[in-house]
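# Per-entry structural report
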Amino acid sequence: MSDAETYSLSRPLPAEVLVGGNTVWSRYHRYPVFSGPWLRGRSLLFGLVIAGFSLVVSFGTAVTVRDWGIGALAGAHLFVAFFLMATTGPALATMARHRGWPVRRERVFVVLAVLAGMVASFFADQWASTYVEGEVRQALVEAGAAMSKDPEIDPAFKTPAMLVNIVVLVVIYGLFGGGLALRAYFSEHRRWTADRRQRQLLALRAQKQQADLRLGLLQAQVEPHFLFNTLASVRALVRQDPAQAEATLDALVAHLRATIPKLRDGDSLLHSTLGQQLDICASYLELMRLRMGGRLSYAVEAEPALRRHAFPPLLLIMLVENAIKHGIEPQPGPGRVEVRASLRGERLVLSVVDDGAGLKPGLGSGVGLANVREQLVTRFGDQATFSLRGLAGGRGAVAEITLPLDTSIMSKPGGGA
């Protein structure tokens, strides 16, 4: 992708490239250096400052020589000269930058434009100085505010004084006529290039992460051990209890229908609704109830309006599987798992509660829960929270996820929620 496609001169710079521009008088810094909006903002700012200075000089001159006409002309000459000195180089550089040239050629002509502006500044300064020497100085002499002749300079100091004067003028012309802007121009290019590379790197990482997530979801949708163990249970029940075997097969089919995504649509692997995830949990819990001989009871509760909200895949079923594996299965006798979705202010709260064996040391640091935390950080940053805590008495546990409730990401009606 070329700079012309990504580096617009009419739009503000990205926040990662922007330097300064937070105050009213420096807002033009939000735009690329030597762009149209930048030139207009800079010219307006410099024009106001120079106009204020010119008015002060005009008033002071008029009071000194007792001639408002000469004072007005002095201020006007000062304003025109300084405004040309401040804007000629940047205006020429702006014209060069809008030609759409390749970066290397653009840089050469921008530098030449600023140098041409410095030459123009010299002539503008000479023009204003000639008027001051010819008209204003004479009026000041007549008013007794200046001597008719400048004091004589010692010949030994004449050449050094001239060199110092030239250096000072070059510095003034350079800085005032676009030298600092030229430095900012090259710095801006470096920041833009670094930011573009960083964005490209982040895009590649995001693509890899999405690819890994798709693969992980495909692998997790039908977990081999879970599927094989269920089929083994069905096989054992076929002769002992055909009705139970049939019910288990029906539950397995229902679970597979809920979990296997539409593989032709890759986005369906990364996006889902809360209703879809609750249905997956319900089918999984029903299948586990049959496999465990009925000692498991469960409930999945959510208001119908909440089911249409977007919700990341895999998160909720991981918590339910964790409750079965570490809470209900290790405990003899009946057990219960409850999955609840509710609102807490402007946040969506998902909780998985079991009355099983309770928390054991190291339980919260498993791979499954680590994946939950990682997905929450990746998708929501610090806007989402996850907690796992034991219930009173040391029996049972509750895992809870809170997410920002964003109605703009609700799924469309008929989306299978």
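Heads up: these notes are all about the structure in this document. The shown structure was predicted, so the numbers you read here are calculated from the model rather than taken from an experiment. (Residues numbered from 1 in each chain as written. Predicted model: local features only at pLDDT ≥ 70, side-chain atom pairs only at ≥ 80, totals over all residues. Heavy atoms only, no water.)

## Describing empty space enclosed by the protein
Picture a little ball the size of a water molecule; that probe, rolled over the atoms, points out where space is still empty. Following the criterion strictly, the structure yields 1 cavity of 30 Å³ or more and no others. There is about 110 Å³ of room inside the largest cavity. Forming the boundary of the largest cavity are 13 residues, of which N322, A323, D354, L388 and A397 lie nearest the centre. When residues of the lining of the largest cavity are traced back to their parent elements, those giving at least two are α9 (315–328), β3 (347–354) and β5 (397–404). (1 Å grid on protein atoms, 1.4 Å probe; cavity = no way out; pocket = protein on both sides within 12 Å on 5 of 7 lines; lining within 4 Å. Points joined across faces, edges and corners; volume = space filled by probe spheres on them. Helix = DSSP H or I, 4+ residues; strand = E, 2+ residues; numbered from the N terminus.)

## Here's the deal with a nonpolar patch on the surface
On the surface, V108, F109, L112 and L115 cluster together into a nonpolar patch covering about 340 Å² of accessible area. Counting through the fold element by element, L115 comes out in helix α4 (residues 103–142). (Patch = residues over 30% accessible without salt bridge, like charges linked within 9 Å, V, L, I, M, F, W, Y side chains within 5 Å. Areas by Shrake-Rupley, 256 points an atom, 1.4 Å probe, with all protein chains shown as cover. Salt bridge = Lys/Arg side-chain N within 4 Å of Asp/Glu carboxyl O.)

## Structural notes on the environment of L115
Residue classification places L115 among the partly exposed positions, given a relative accessible area of 43%. Considering only alpha carbons, one finds L115 and Y173, 58 residues apart in sequence, at a separation of 9.4 Å. (Buried < 20%, exposed > 50% of the residue type's maximum accessible area, 1.4 Å probe, protein only.)

## So, the pattern of salt bridges
Per the stated rule, a full pass over the model turns up 9 salt bridges. Here E338 ties to R336 by a salt bridge, and the two come within 2.8 Å at their closest N and O atoms. Owing to a relative accessible area of 17%, E338 belongs among the buried residues under this scheme. Of the residues examined, R336 reaches a relative accessible area of 30% and is grouped as partly exposed. One salt bridge connects E338 with R340, and the closest N-O pair in it is separated by 2.1 Å. Look at the salt bridges and you will find they share partners, linking E301, R336, E338 and R340 into a network.

## Remarks on the sheet that holds strand β4 (residues 385–390)
Reading across the sheet, the 5 strands line up as β1-β2-β3-β5-β4 and stay open at both edges, with mixed pairing between neighbours. Single-partner strands in this sheet number two, and they are β1 (296–302) and β4. For this sheet, the mean angle separating the axes of adjacent strands, direction not counted, is 10°. When strand β2 (residues 335–344) meets β3, the two strands line up antiparallel, connected through 8 bridges. By the bridge assignment for β3, R340 is matched with S351. Along the sheet face, helix α8 (residues 274–291) touches β1, β2 and β3 and points at about 170° away from the line of β1. Packing of α9 onto the sheet brings it into contact with β1, β2, β3, β4 and β5, and relative to β3 it is tilted by some 20°. (Pairing = 2+ DSSP bridges. Axes fitted to C-alpha atoms, helices over the stretch in contact; angles between N-to-C directions. Contact = heavy atoms within 4.5 Å.)

## A word on the pairing of β4
As defined by bridge partners, β4 adjoins β5 across 6 bridges and the pair is classed as antiparallel. For S387, the partnering residue across the bridge sits in β5 and is E400. The antiparallel pairing of β4 with β5 creates a hairpin that spans 6 residues between the two strands, and G393 there sits at a positive phi of about 90°.

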